[in-house]
Amino acid sequence: ADSVGDAVTSLGSTVAIKLLSDVPADDASTGVYSHRLGDRWLVGGASNAGCAVLREQGFSGDELARLSEEIDPLAQPPCTDYYPLSSLVVGERFPRPDENAVGVLEPVPESRAAFLHCILHGIAKVETEGYEALAALGASELRRVLTSGGGSQNAQWTVMRQALLGVPTSRAANIDAAYGAALLAARGAG
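Residues numbered from 1 in each chain as written. Predicted model: local features only at pLDDT ≥ 70, side-chain atom pairs only at ≥ 80, totals over all residues. Heavy atoms only, no water.

Student: I'm lost on the environment of Gly122 in this one. Help?
Tutor: Here Gly122 shows up in helix 3 (residues 112–136). Beyond its immediate stretch of four places on either side in the chain, Gly122 contacts Tyr82 and Pro84. (Helix = DSSP H or I, 4+ residues; strand = E, 2+ residues; numbered from the N terminus. Contact = heavy atoms within 4.5 Å.)

Student: Just checking my understanding: could you explain the packing of helix 2 (residues 61–68) against helix 3 for this structure?
Tutor: Two packed helices can be described by the angle between their axes and the distance between those axes. Packing of helix 2 against helix 3 brings their axes to within 9 Å, and their N-to-C directions diverge by 90°. As the angle between them shows, helix 2 and helix 3 are arranged roughly perpendicular. Contact residues: Glu63, Leu64, Leu67 and Ser68 in helix 2; Arg112, Ala113, Leu116 and Leu120 in helix 3. Of the residues belonging to the contact of helix 2 with helix 3, the class tally is 5 nonpolar, 1 polar and 2 charged. (Axes fitted to C-alpha atoms, helices over the stretch in contact; angles between N-to-C directions. Parallel < 35°, antiparallel > 145°, perpendicular 65-115°, else oblique. Nonpolar A, V, L, I, M, F, W, Y, C, P; charged D, E, K, R; others polar.)

Student: Help me understand the nonpolar core, please; the structure alone is not making it clear to me.
Tutor: Soluble globular proteins tend to bury their nonpolar side chains together. Judged by nonpolar contacts, the single largest core of 38 residues is most densely connected at Ile119, Tyr131 and Leu134. Broken down by element, this core gets its largest block of residues, 11 residues, from helix 3. Once residues within four sequence positions are removed from consideration, Leu134 is found in contact with Ile17, Leu19, Ala25, Val32, Val43, Gly44, Phe94 and Ala139. Formed by 5 residues, the second largest nonpolar core is a distinct cluster that contains Ala49, Tyr83, Ala101 and Val126. (Core = buried A, V, L, I, M, F, W, Y, C linked by side-chain atoms within 4.5 Å. Buried < 20%, exposed > 50% of the residue type's maximum accessible area, 1.4 Å probe, protein only.)

Student: Just to check I follow, could you spell out the side chain of Ser47 for this structure?
Tutor: Among the structural elements, Ser47 can be located in the loop between strand 4 (40–46) and helix 1 (52–56). Here the side chain of Ser47 touches Glu92 through a polar contact of 2.6 Å, side chain to side chain. Within the structure, the side chain of Ser47 is placed 3.1 Å from the backbone oxygen of Phe94, a separation counted as a polar contact. Leave out the neighbours within four places in its chain, and Ser47 touches Thr14, Val15, Tyr83, Glu92, Arg93, Phe94, Pro95 and Val126. (Polar contact = N/O pair within 3.5 Å; in protein donor to acceptor, adjacent residues only side chain to side chain.)

Student: Explain unusual backbone geometry to me, please; I cannot follow it from the model alone.
Tutor: Negative phi characterises most residues that are not glycine, and trans characterises most peptide bonds. Going from Phe94 to Pro95, the amide bond is cis rather than trans, its omega being 0°. On the secondary structure map, Pro95 appears in the loop between helix 2 and helix 3. Cis geometry marks the peptide bond from Glu106 to Pro107; its omega dihedral reads 0°. In this structure, Pro107 sits in the loop between helix 2 and helix 3.

Student: Can you walk me through the pattern of salt bridges in this structure?
Tutor: It is possible for side chains bearing opposite charge to pair when their charged atoms get close. Counted according to the given criterion, the structure contains 5 salt bridges. Taking the shortest distance from any N to any O, the salt bridge between Glu63 and Arg112 comes out at 3.1 Å. You can see Glu63 sitting in helix 2 and its partner Arg112 sitting in helix 3, a full 49 residues away along the chain. On the basis of relative accessible area, Glu63 is assigned to the buried category, the value being 15%. Salt-bridge contacts for Arg96 lead to Glu129; the nearest nitrogen and oxygen are separated by 2.9 Å. Here Glu129 lies in helix 3 and Arg96 lies in the loop between helix 2 and helix 3, a separation of 33 residues in the sequence. Residue Arg96 is classed as partly exposed on the basis of its relative accessible area of 39%. (Salt bridge = Lys/Arg side-chain N within 4 Å of Asp/Glu carboxyl O.)

Student: What am I meant to see in helix 4 (residues 155–165) here?
Tutor: Within an α-helix, residues lying three or four positions from one another point in the same direction, as the helix has 3.6 residues per turn. The set of residues buried in helix 4 consists of Gln156, Trp157, Thr158, Met160, Arg161 and Leu165. Among the structural elements, strand 1 (6–11), helix 2, helix 3, strand 5 (144–148) and strand 6 (169–171) are those in contact with the buried residues of helix 4. Among the residues of helix 4, the N-terminal cap falls to Asn154, whose side-chain oxygen and the backbone nitrogen of Gln156 are separated by 3.1 Å. Just past helix 4, the residue Gly166 takes up positive phi, approximately 75°.

Here it is in structure tokens:
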């Protein structure tokens, strides 16, 4: 991500987003923060929702890969109101701050593939709402999303997310979160 409007979403146990913006956008009450990066800003937020629920619901890596192939990423899932917070978490910080929030993973479809589709769609909605929150605070327009974290390996999910986000969405060249931190450190030291 090197142009204004480029963003990175980390799809790990939680969802974190960062957008390269010409202007800062901050709102502690909604969990939005900005970090200066040269003459630009990294604007972002981190949700408590994310892929942790997949393991919690008993999905193995092999099952995730197999069932994802059964999903039509452009079709609406049977349940569109999921909010994928782990049952170990009470409260959400971004994009829907609510100290009492709990996960919503019901109703559960009979098919495991349909259940997975609902969960992935729910996480993608959290991501989409996150970028909408940044835009509402005046951050630069979203133009492209690169993806890191374990969820970046799911091609079906990438297509689903791209449809919801409305911008090109792909896997980052390096999906390790430590890589981005190392680049920032090098830039700061240089």
